[in-house]
Amino acid sequence: MIMWRGVIEEFRKFLPIDESTPVVSLCEGNTPLIPATCLAKQLFPQINLYLKFEGANPTGSFKDRGMSLAVSKALEKGAQALMCASTGNTSASAAAYGAKAGLPVYVLVPMGKVALGKLAQAMAHGATVIQIEGNFDQALGIVKELSQDDSIELVNSLNPYRLEGQKTGAMEVSDQLGVAPDLHILPVGNAGNISAYWRGYKEYRTAGQIHALPQMIGVQAEGAAPLVHGRVVEDPQTIATAIRIGNPASWRLAVQAMEESNGRIFDVSDEEILHAHALLAQVEGVFCEPASAASLAGLVKLNQVSHLPEGTTIVCTLTGHGLKDPDTAMKASPEPLTVKASRDDVSAALRL
Ligand SMILES: *Cc1c(COP(=O)(O)O)cnc(C)c1O
C-alpha cells in the first residue's frame, strides 16, 4: 500500500506551491466518504446519501486541509509566528501545525463559547490562548489589526491559502464517488468552506476529472444566519459554536457559490441541529460535532419542502468530530446509572 501524503502532495498540481515550498503536513485529508445507508433507509429511501467525515482529520476537523497550506506558505515567506481568531477548530489546527512548523501560535477565542475539546487541543499543542470578553467577530477584528505586522501570519480563512487547501475536500469527494454529487450540503459559519468546495469542484471540472457540478446548499443556525437574512447579525447565538458567526469573512464568495451552482442557503433551529446530531450518532454510528450536524438538519428540512428525485446523490460534509464537544453530547443524553459492583445490581439495573 502506498502511504497517503497529505493534501499538498496529493493535490500538488492544483495548489499554489512549487518545489521550494517547505511542506508542513500531518497527512491530513483522505477522510472517509461514508454511505449513510441506515439514515437513508429510515428518512430518505429515494436518495444516495454520503457523509464526508472530516472529523477523521488529524486534529478532528476540515480546518487541517487549509492549515497545512497556510502554514507551509507562512514558513516559505519567513513568518515568525501564527495568529488566528477562532470558534475553536481553527485554533486547534493552527496550534498543531504551528507546533510541527516550529512557530509560536497566538489564538483569540470568545470566552466561554469554545467547546472543551478544542480548547484542550490548543493548550496541549502549546499555543498561547487569549480569551476575549466578546464574540468571534470581535476577535477577528483584533487579529486582523495585530497581524498587519509582516512577521505575524494570520491563518484565519481570510488567508487565501486556507481556502486553497480546503478545496481539496471537493476533489476527494469527486475521486471517491467517481463523479460530483447532485447536491453538496455544508454548515456555514465564516462561509469559507462552502466557497472552497465550490472552487474545488469547478477546478476539477476544468481539469476534466468530473463533468458535472453539484448544487451547493449552505445551512446556517437560526440565531446566526447573516447570509440567510442578508444582513450582519450583531449578537449571534447557537449551540453549534463552530458556526456562531454574525459577519462571515467569505460572504461574497459564498453567495457567488450559491448563485453559480443554482444552490441555496437556509437556516435550521438548534433543536433541529441536536436532533440531526443524535440521528447521526445513534442511527448511522457517526459522532460529529453539533455544527456539523447542521448539514443533515438542512437535508431533513430540504426533503420536507422540496421534491428530491429518486436516485439523487447527496453528500453532507460533517465538518468536525463529536469528541470536540463532549459537553453538548452529554447534556443531550441520560446520565449513566451508578450501581454496586455486583452481578445482581447490574442485572437489575439493566432489567435483564
Ligand atoms: C469552521 C467550522 C465550520 C464553519 O466553516 P466556515 O468555513 O467558517 O463556514 C463548520 N463546522 C465546523 C466543525 C468548523 O470547525
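Here the residue numbering is sequential within each chain, running from 1 through the sequence in written order. Since the coordinates come from a predicted model, pLDDT governs what is reported: local features require at least 70, and pairs of side-chain atoms require 80 or more to be given and counted, while whole-chain, interface and lining totals use all residues. Each side-chain value is worked out from all heavy atoms of the structure, with water and hydrogens disregarded.

Here we look at the site of the ligand
In step 1: To be near a molecule or strand, a residue needs just one of its heavy atoms within 4 Å of it. Neighbouring the ligand are 15 residues; Lys63, Asn89, Asn190, Asn193 and Thr319 lie closest to it.
In step 2: With respect to the ligand, the side chain of threonine 319 contributes an N or O atom lying 2.7 Å from a nitrogen atom.
In step 3: Coverage of the ligand by the protein chains reaches 97% of its 380 Å² of free accessible surface.
In step 4: Taken atom by atom, the bulk of the ligand overlaps the largest cavity. Polar contacts, as counted here, are pairs of nitrogen or oxygen atoms within 3.5 Å of one another; within protein the pair requires one atom able to donate a hydrogen and one able to accept it, and residues that are adjacent in sequence qualify only if both atoms are side-chain atoms. Each accessible area value is a Shrake-Rupley result obtained with a 1.4 Å probe; residue values ignore everything except the protein chains displayed when judging cover. Put plainly, a pocket is an open set of points on a 1 Å grid over the protein atoms alone with protein on both sides within 12 Å along at least five of seven lines, a cavity is a set where a 1.4 Å probe fits but cannot get out, and a lining residue has an atom within 4 Å of a point. Any molecule with more than half of its atoms within 2 Å of a cavity's or pocket's grid points is counted as sitting in it.

Some details on the pattern of salt bridges
Any two side chains of opposite charge can pair if their charged atoms end up close together.
In step 1: Salt bridges are identified by distance alone: a Lys or Arg side-chain nitrogen within 4 Å of an Asp or Glu carboxyl oxygen. Under the defined criterion, the tally for this structure stands at 13 salt bridges.
In step 2: The closest approach of N and O atoms between glutamate 164 and lysine 167, which form a salt bridge, is 2.7 Å. Here glutamate 164 and lysine 167 have matching classes, each one buried.
In step 3: The residue glutamate 164 makes a salt bridge to arginine 199 at a minimum N-O spacing of 2.6 Å. A residue pair is termed long-range when its members are at least 10 positions apart, and glutamate 164 in helix H7 (residues 160–166) and arginine 199 in helix H9 (residues 192–206) qualify at 35 residues.
In step 4: Taking relative accessible area as the criterion, glutamate 164 reaches 13% and is therefore assigned buried.
In step 5: Among the charged side chains, a salt-bridge network with shared partners connects Lys52, Glu54, Arg65 and Glu172. Only protein chains enter the area calculation, which uses a 1.4 Å probe; residues under 20% of their type maximum are buried, those over 50% are exposed, and those in between are partly exposed. A helix here means a DSSP run of H or I that spans at least four residues, while a strand means a run of E at least two residues long, and both kinds are numbered starting from the N terminus.

Some remarks on the side chain of serine 147
In step 1: Within the fold, serine 147 resides in the loop between helix H6 (136–146) and strand S6 (152–154).
In step 2: On the basis of relative accessibility, which here comes to 14%, the residue serine 147 falls in the buried class.
In step 3: At 2.8 Å, the side chain of serine 147 and the backbone oxygen of valine 143 are in polar contact.
In step 4: A contact between two residues is defined here by any heavy atoms of the two lying within 4.5 Å. For serine 147, the contacting residues outside a window of four places in its chain are Ile152 and Leu154.

Some details on empty space enclosed by the protein
In step 1: Grid points are joined across faces, edges and corners, and a volume is the space filled by probe spheres set on the points. Here the structure, examined in full by the defined rule, presents one cavity of 30 Å³ or more.
In step 2: If you add up the space inside the largest cavity, you get close to 310 Å³.
In step 3: Lining the largest cavity are 28 residues, and of these Phe62, Lys63, Gly189, Asn190 and Ala242 sit closest to its centre.
In step 4: Every element with two or more residues in the lining of the largest cavity is listed here: helix H4 (89–101), H7 and H9.
In step 5: Take the lining of the largest cavity: its biggest share by element is three residues, from H9.
In step 6: Tallied by class, the residues present in the lining of the largest cavity amount to eleven nonpolar, 14 polar and three charged. In the scheme used here, Gly and all other residues not listed as nonpolar or charged are polar, with Ala, Val, Leu, Ile, Met, Phe, Trp, Tyr, Cys and Pro taken as nonpolar and Asp, Glu, Lys and Arg as charged.

Side note on the pairing of strand S7 (residues 183–187)
In step 1: Within S7, five of the five residues are buried, which leaves the element mostly enclosed by the surrounding structure.
In step 2: Neither face of S7 is exposed, since Leu183, Ile185 and Pro187 on one face and His184 and Leu186 on the opposite face are all buried.
In step 3: Here the rule is simple: two strands pair whenever DSSP picks up at least two bridges between them. Note that S7 and strand S8 (residues 215–221) share five bridges and pair parallel. Within S8, the position partnered with proline 187 by the bridge is valine 219.
In step 4: If the strands point away from the viewer and the path from the first strand over the helix to the second runs clockwise, then the crossover is right-handed. Once you follow S7 into H9 and on to S8, the crossover reads as right-handed.

Re the layout of surface pockets
The gaps left among the atoms become clear once a water-sized probe is rolled over them.
In step 1: Its boundaries defined by the atoms lining it, the largest pocket holds a volume of some 260 Å³.
In step 2: Forming the walls of the largest pocket are 14 residues, and the residues nearest its centre are Ile239, Thr241, Asp325, Thr328 and Lys331.
In step 3: At three residues, helix H14 (residues 326–331) tops the list of elements feeding residues into the lining of the largest pocket.
In step 4: A per-class count over the lining of the largest pocket returns six nonpolar, four polar and four charged.

A word on the environment of glycine 320
In step 1: The residue glycine 320 is located in the loop between strand S10 (312–318) and H14 in this model.
In step 2: Residue classification places glycine 320 among the buried positions, given a relative accessible area of 0%.
In step 3: Not counting residues up to four positions away in its chain, the partners in contact with glycine 320 are Phe53, Gly55, Gly60, Ser61, Cys288, Glu289 and Ser292.

Brief notes about helix H11 (residues 251–260)
In step 1: Taken together, the buried positions of H11 are occupied by Ala254, Ala257 and Met258. Taken end-on, H11 shows its buried residues confined to a sector of 95 degrees, consistent with a single buried face. In H11, the exposed positions that point more than 90 degrees away from the buried face belong to Arg252 and Glu259.
In step 2: In this fold, the buried residues of H11 make contact with H9, S8, helix H10 (226–229) and strand S9 (264–268).
In step 3: Remark: asparagine 262 follows H11 within two positions and exhibits a positive phi of approximately 60 degrees. Arc definition: directions from the helix axis to the C-beta atoms.

Observations concerning the sheet that holds S9
In step 1: Strand order in this open sheet of six strands is S1-S2-S10-S7-S8-S9, and the pairing throughout is mixed. Every other strand in the sheet has two partners, leaving strand S1 (33–35) and S9 as the edge strands with one partner each. Adjacent strand axes in the sheet meet at a mean angle of 25 degrees when their direction is disregarded.
In step 2: To obtain an axis, a line is fitted to C-alpha atoms, over the contacting stretch when the element is a helix, and the angle between two such axes runs from 0 to 180 degrees between their N-to-C directions. Strand contacts of helix H8 (residues 168–177): S1, strand S2 (47–53), S7 and S10, with the helix running at about 135 degrees to S2, the strand carrying the most contacts.

Considering the side chain of serine 195
In step 1: Position of serine 195 relative to the elements: it lies in helix H9.
In step 2: Here serine 195 falls in the buried class, since its relative accessible area comes to 6%.
In step 3: If sequence neighbours within four positions are ignored, serine 195 has contacts with Leu163, Ser250, Leu253 and Ala254.

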